[in-house]
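Structural characterization, general
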Amino acid sequence: MAFEELKNRQSVMWGSGPYEPIVEITSEIHEALVDALDAKPGQRWLDVATGTGAVALRAARAGAEVIGVDLAPALVARAKEKATAAGLRARFETGDAEALKFEDAGFDVVSSAIGTQFAPDHPAVAGELARVCRPGGRLGLACWTPTSGVADMFAVMKPFMPAPAPGVGNTFDWGRPEYVQRMLGTDFDLTIEERDTVLHADSGEQVWETFATAYGPTKTLVGSLDDEERGRLHREWVAMFERCRVGARIEQSRTYLLITGTRH
Ligand SMILES: C[S@@+](CC[C@H](N)C(=O)[O-])C[C@H]1O[C@@H](n2cnc3c(N)ncnc32)[C@H](O)[C@@H]1O
């Protein structure tokens, strides 16, 4: 399997923070995706890169028969706990979006919220999303755009991170409509819409505290740096968010593509 070692590291990285504070910030996206896919009782629904199961649990609440898969075992464990606590029958498993362990055409709905765009091999992901979705079935993806505040956040982190391995796809390419058409347009009739969700906070410092403790990529990066580098990343992060100040509050625009499709 391609990028095996990278994905082993990513599975630990994504599971290194509790993630729930980030789910709160991104809940508008989860709502929009489940609404767009019109969750109904009896649908066989696969949520890929499910994290702590935000989309999967919403779909299960609407009666869909849901399986959520994610690379990070720690997040899968939290999703299972949430399903049990809510009395929902969703199933959660560890799995790789590039090599799904499900039969061809086995699902009526396949979804991923700001998830599959983080897998390194984009053509492999696109192939798997198409393979497991039945003809006439529905696809729904939410992907951060290259001009979103999330891309700005990763741009601040990038100089402190190791260079990506050769051949790793650019996460934010999935936020460009023409790229999405190229990846998925042969297998799906696509509708692509740009939407915005705004991150609200009291200060750049508050955003730093949230992400440095709860968001796997930031938490892992912070833990890998020496004091001098950590201090520099901290200052640059806070300054970037403070540039999004509107009066007394931080309001950072985070545009994403809401991609829906019907499988040919
Ligand atoms: C930004 S989080 C989104 C989680 C969830 N979909 C949500 O919206 O709350 C990205 C997720 O993608 C998962 N992920 C990254 N690469 C993956 C891969 N190759 N296969 C499956 N999951 C992956 C991570 O473990 C992480 O849970």
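My aim in this report is to walk through the structure given alongside it, one point at a time. (Residues numbered from 1 in each chain as written. Predicted model: local features only at pLDDT ≥ 70, side-chain atom pairs only at ≥ 80, totals over all residues.)

1. Let's talk about the overall build of the chain
The helix and strand tally for the chain stands at 11 helices and eight strands. Its C-alpha atoms give the chain a radius of gyration of 18 Å, within 12% of the compact-globule value 18 Å for 264 residues. By principal-axis analysis of the C-alpha atoms, the chain measures approximately 55 × 40 × 30 Å. Buried residues in the chain amount to 44% of all 264 residues. (Helix = DSSP H or I, 4+ residues; strand = E, 2+ residues; numbered from the N terminus. Rg over C-alpha atoms; globule rule 2.2 N^0.38 Å. Buried ≥ 20, exposed ≤ 12 C-beta atoms within 10 Å, placed from the backbone.)

2. Digging into the site of the ligand
What surrounds the ligand is a group of 21 residues, the closest being Trp14, Ala49, Gly51, Ala97 and Ala119. Grouping the amino acids of the shell around the ligand by side-chain chemistry returns 12 nonpolar, five polar and four charged. (Near = placed C-beta within 6 Å. Nonpolar A, V, L, I, M, F, W, Y, C, P; charged D, E, K, R; others polar.)

3. Focus on the environment of Ala79
When you line up the elements, Ala79 lands in helix H5 (residues 73-86). Since 26 C-beta atoms lie within 10 Å of it, Ala79 is described here as buried. Separated by 30 residues in the primary sequence, Ala79 and Val109 have C-alpha atoms spaced 19 Å apart. Aside from chain neighbours lying at most four places away, what touches Ala79 is Thr50, Thr52, Gly53, Ala56, Gly68 and Phe92. (Contact = placed C-beta atoms within 7 Å.)

4. Regarding the environment of Ala59
Mapped onto the elements of the fold, Ala59 is located in helix H4 (residues 54-61). On the basis of neighbour counts, which here come to 28 C-beta atoms within 10 Å, the residue Ala59 falls in the buried class. Each C-alpha atom of the pair Ala59 and Ala163 lies 37 Å from the other, and the pair is 104 residues apart in sequence. Ala59 has contacts with Val34, Ala39, Trp45, Asp47, Ala64 and Val66, leaving out every residue within four places of it along the chain.

5. Brief notes about helix H3 (residues 27-37)
What H3 keeps buried is the set Ile29, His30, Leu33, Val34 and Leu37. Looking straight down H3, one finds that the buried residues subtend no more than 125° of arc, so they occupy a single side. Against H4, strand E4 (107-113), strand E5 (133-144), strand E6 (188-201) and strand E8 (249-263) lie the buried residues of H3. Just past H3, the residue Asp38 takes up positive phi, approximately 55°. (Arc of directions from axis to C-beta.)

6. Thoughts on the pairing of strand E3 (residues 91-94)
Strand direction decides the pairing type here: strand E2 (residues 65-70) and E3, joined by four bridges, are parallel. By the bridge assignment, Gly68 is partnered in E3 with Phe92. Taken together, E2, H5 and E3 constitute a β-α-β crossover, and its handedness is right-handed. (Pairing = 2+ DSSP bridges. Right-handed = clockwise from strand over helix to strand, strands pointing away.)

7. Side note on the pairing of E2
With respect to burial, E2 is a largely interior element, five of its six residues being buried. The pairing of strand E1 (residues 44-48) with E2 spans five bridges and is parallel. Paired with Val48 across the strands is Val69, a residue of E2. For the crossover that starts at E1, traverses H4 and ends in the parallel E2, the hand is right-handed.

8. Examining the packing of helix H9 (residues 204-214) against helix H11 (residues 227-242)
The N-to-C vectors of H9 and H11 enclose an angle of 125°; their axes lie 8 Å apart at closest approach. As judged from the angle between their axes, H9 and H11 are oblique. Note on packing geometry: the crossing formed by H9 with H11 is right-handed. Of the residues in H11, those in contact with Gly204, Glu205, Val207 and Trp208 of H9 are His234, Trp237, Val238, Ala239, Phe241 and Glu242. Tallied by class, the residues present in the contact of H9 with H11 amount to six nonpolar, two polar and two charged. (Axes fitted to C-alpha atoms, helices over the stretch in contact; angles between N-to-C directions. Parallel < 35°, antiparallel > 145°, perpendicular 65-115°, else oblique. Left-handed = near helix turned anticlockwise from the far one by under 90°.)

9. Topic: unusual backbone geometry
Of note in the backbone geometry, Asp38 takes a positive phi value of approximately 55° without being a glycine. Here Asp38 lies in the loop between H3 and E1. For Asp38, a count of 12 C-beta atoms within 10 Å corresponds to the exposed category. At Ile114, a residue that is not glycine, the phi angle is positive and equals roughly 35°. Here Ile114 shows up in the loop between E4 and helix H6 (122-132). By the C-beta count within 10 Å, which is 26 here, Ile114 ends up buried.

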